[in-house]
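Here's the letter readout for the chains.
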Amino acid sequence: MSNTAPYDALLLLSFGGPEGPEDVVPFLENVTRGRGIPPERLKEVGAHYFEFGGVSPINQQCRDLIAALRQDFAETGLKLPIYWGNRNWTPFLADTLAEMEADGVRRALVVFTSAYSSYSGCRQYREDLARALEQSGTSIQFDKIRPYFNDPGFVEPMADAVGAAVAGLPESARLAPRLVFVTHSLPRTYAETSGPIGGAYVSQHLEVARLVAEGVSRRTGLVLPHELVFCSRSGPPQTPWLEPDVNDHLRDINAQGATGAVLAPIGFVSDHMEVIYDLDTQAAETAQEIGLPMARAATVGTDPRFVAALRRLVLERAAVARGDSEGDSLSNVVGRLRAFPDVCPLNCCPNPRAPLPAVAGED
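Residues numbered from 1 in each chain as written. Predicted model: local features only at pLDDT ≥ 70, side-chain atom pairs only at ≥ 80, totals over all residues. Heavy atoms only, no water.

Caption draft 1: Structural detail: the packing of aromatic side chains. Using the criterion set out here, one finds eleven aromatic pairs in the structure. Between the aromatic rings of Tyr 148 and Phe 306, the centroid separation amounts to 5.8 Å while the plane-to-plane angle is 50°, which identifies the pairing as tilted. Of the two residues, Tyr 148 is situated in the loop between β4 (141–144) and α6 (152–167) and Phe 306 in helix α12 (residues 304–322); the sequence distance between them amounts to 158 residues. In textbook terms, an aromatic cluster arises when at least three aromatic residues are bridged by ring pairs, as seen for Tyr 116, Tyr 148, Phe 149, Phe 154, Tyr 201 and Phe 306. Positioned over the ring face of Tyr 125 is Arg 87, at 4.4 Å from the centre of the ring. (Phe/Tyr/Trp six-rings, centres within 6.5 Å; stacked < 30°, edge-to-face > 60°. Helix = DSSP H or I, 4+ residues; strand = E, 2+ residues; numbered from the N terminus. Lys NZ or Arg CZ within 6 Å of the ring centre and 35° of its normal.)

Have a look at this one:
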């Protein structure tokens with residue numbers, strides 16, 4: 001039987017999303033509280049949700065991932081209960097922590113549905129976890145699973161998905177298509193301070209883009225140009241964010257003579273609203289407007305290789321917590337970047353507004 005000691009449980013911590021029209025406005029207010037997002041931007045984003053009946057796919061994606069993890073755990077002998085909590089919508093994190101403590105959980109692992117290092121994708125989750133511990137009055141000790149962007153269980157499914165998307169383009173579009181790797185834009189200051197020494201968010205994405213592009217070349221025999229672009233910009237217009245925007249980029253490569261484009265959402269582990277609206281709706285409309293054939297690659301979702309990678313990361317972190325040398329042998333990364341530290345170093349991905357308590361790190 002696989003050894004998960006000293007942990008009593010695994011917590012899947014995600015962003016959350018509305019599951020009906022009546023949820024949209026309260027959800028967006030939770031997301032943007034204290035961030036100075038213009039009201040017109042909230043209205044714009046709310047309209048995106050209403051196009052899909054007020055339902056974000058992210059909650060169902062979490063349910064599906066938990067079901068896949070439970071099946072994988074059962075098949076491989078991991079007897080570790082899995083809980084689910086959200087930062088911004090039900091099931092709210094504080095409620096989940098209260099449930100965990102009532103079930104006798106004293107020390108747990110937490111995995112974020114974000115593969116990369118940034119304030120929004122890591123520290124803010126850790127801050128919300130600290131806040132929920134205080135709100136719930138619980139005393140569970142948490143350790144987090146390290147960022148898993150360069151785990152082969154994340155990279156290889158993306159390479160397969162992008163290769164399949166290339167093959168799905170019209171034949172004429174496969175002559176000189178471009179691979180367009182997409183992730184969520186951030187304020188430049190967030191990106192510049194991400195990771196222990198800064199710049200991790202972009203460098204990690206560039207590495208995944210390179211690895212996936214090489215994987216596509218091995219699968220298709222094609223050496224295709226690729227770029228990293230961004231979507232879902234928000235916030236005050238005077239604040240610089242990461243660019244280029246995916247829609248601007250599609251227009252640029254069309255003018256340069258690209259015969260087609262494959263959008264690869266490497267910044268997302270499942271089909272979030274940013275994928276089904278920003279790419280499948282908005283970017284698809286831009287491509288149609290300019291006459292550029294476009295295909296969108298699938299996210300990793302519940303690919304068995306990704307699920308197995310999360311299980312392996314659980315075992316790796318458990319071995320590290322026990323002080324076993326086995327943890328080193330379990331660490332599995334590809335590419336030029338090393339495995340990220342198990343414990344976030346001091347001042348890693350700092351809060352750009354003011355320091356707040358955070359768990360599962362040195363601070």
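Right, picking up where we left off after that structure.
Caption draft 2: View of helix α11 (residues 278–290). In this model, α11 (13 residues) spans 17 Å end to end at C-alpha, consistent with the 18 Å of a helix rising 1.5 Å per residue. At Ala 284, α11 shows its largest bend, some 30°. If you follow the buried residues of α11, they end up packed against β5 (177–184), β6 (226–231), α9 (246–255), β7 (260–264), α10 (273–276) and β8 (294–296). One or two residues past the end of α11 sits Gly 291, with phi positive at roughly 75°. (Expected span 1.5 Å × (residues − 1). Bend = angle between axes of the 7 residues up to and from the residue. Contact = heavy atoms within 4.5 Å.)

Caption draft 3: Structural context of the sheet that holds strand β2 (residues 82–86). If you walk across this open sheet you meet the four strands as β2-β1-β3-β4, and the pairing is parallel. In this open sheet, the two edge strands, each paired with only one partner strand, are β2 and β4. Between one strand and the next, the sheet's axes are offset by a mean angle of 30°, whatever the strand orientation. Pairing between strand β3 (residues 107–112) and β4: four bridges, direction parallel. (Pairing = 2+ DSSP bridges. Axes fitted to C-alpha atoms, helices over the stretch in contact; angles between N-to-C directions.)

Caption draft 4: Highlighting the sheet that holds β7. Taken together, four strands build an open sheet; the order of strands is β6-β5-β7-β8 and the sheet is parallel. The sheet is open, and its two edges are formed by β6 and β8, each paired on a single side. Pairs of neighbouring strands in the sheet enclose a mean axial angle of 25°, with direction left out of account. Along the sheet, α6 contacts β5, β7 and β8; its crossing angle with β7, the most-contacted strand, is approximately 155°. Against the sheet, helix α8 (residues 200–220) contacts β5 and β6, and its axis sits at roughly 145° relative to β5.

Caption draft 5: The arrangement of the pairing of β5 in detail. Taken across its eight residues, β5 has seven buried, putting it largely inside the fold. In terms of strand pairing, β5 meets β7 through five bridges, oriented parallel. Among the inter-strand pairings, Leu 179 is bridged to a residue of β7, identified as Val 262. Here β5 runs beside β6; their pairing, made up of six bridges, is parallel. The partner of Phe 181 across the bridge, within β6, is Leu 228. (Buried < 20%, exposed > 50% of the residue type's maximum accessible area, 1.4 Å probe, protein only.)

Caption draft 6: A look at the side chain of Ser 117. Secondary-structure assignment places Ser 117 in the loop between β3 and α5 (119–136). When sequence neighbours within four positions are dropped, the list of residues in contact with Ser 117 reads Pro 147, Ser 194, Gly 195, Ala 200, Tyr 201, Gln 204, Phe 340 and Cys 349.

Caption draft 7: The arrangement of the packing of helix α3 (residues 58–76) against α12 in detail. Remark: α3 packs on α12, axes separated minimally by 10 Å, with the N-to-C direction vectors making an angle of 65°. Between α3 and α12 lies a crossing whose hand is right-handed. Of the residues in α12, those in contact with Leu 65, Ala 68, Leu 69, Asp 72, Phe 73 and Thr 76 of α3 are Phe 306, Val 307, Ala 308, Leu 310, Arg 311 and Val 314. When the residues that make up the contact of α3 with α12 are grouped by side-chain class, the tally is nine nonpolar, one polar and two charged. (Left-handed = near helix turned anticlockwise from the far one by under 90°. Nonpolar A, V, L, I, M, F, W, Y, C, P; charged D, E, K, R; others polar.)

Caption draft 8: Quick peek at the pairing of β3. With five of its six residues buried, β3 lies for the most part within the structure. Alignment of strand β1 (residues 9–14) against β3, held across five bridges, turns out to be parallel. By the bridge assignment, Leu 12 is partnered in β3 with Val 111. Tracing the backbone out of β3, into α5 and back to the parallel element β4 gives a crossover that is right-handed. (Right-handed = clockwise from strand over helix to strand, strands pointing away.)

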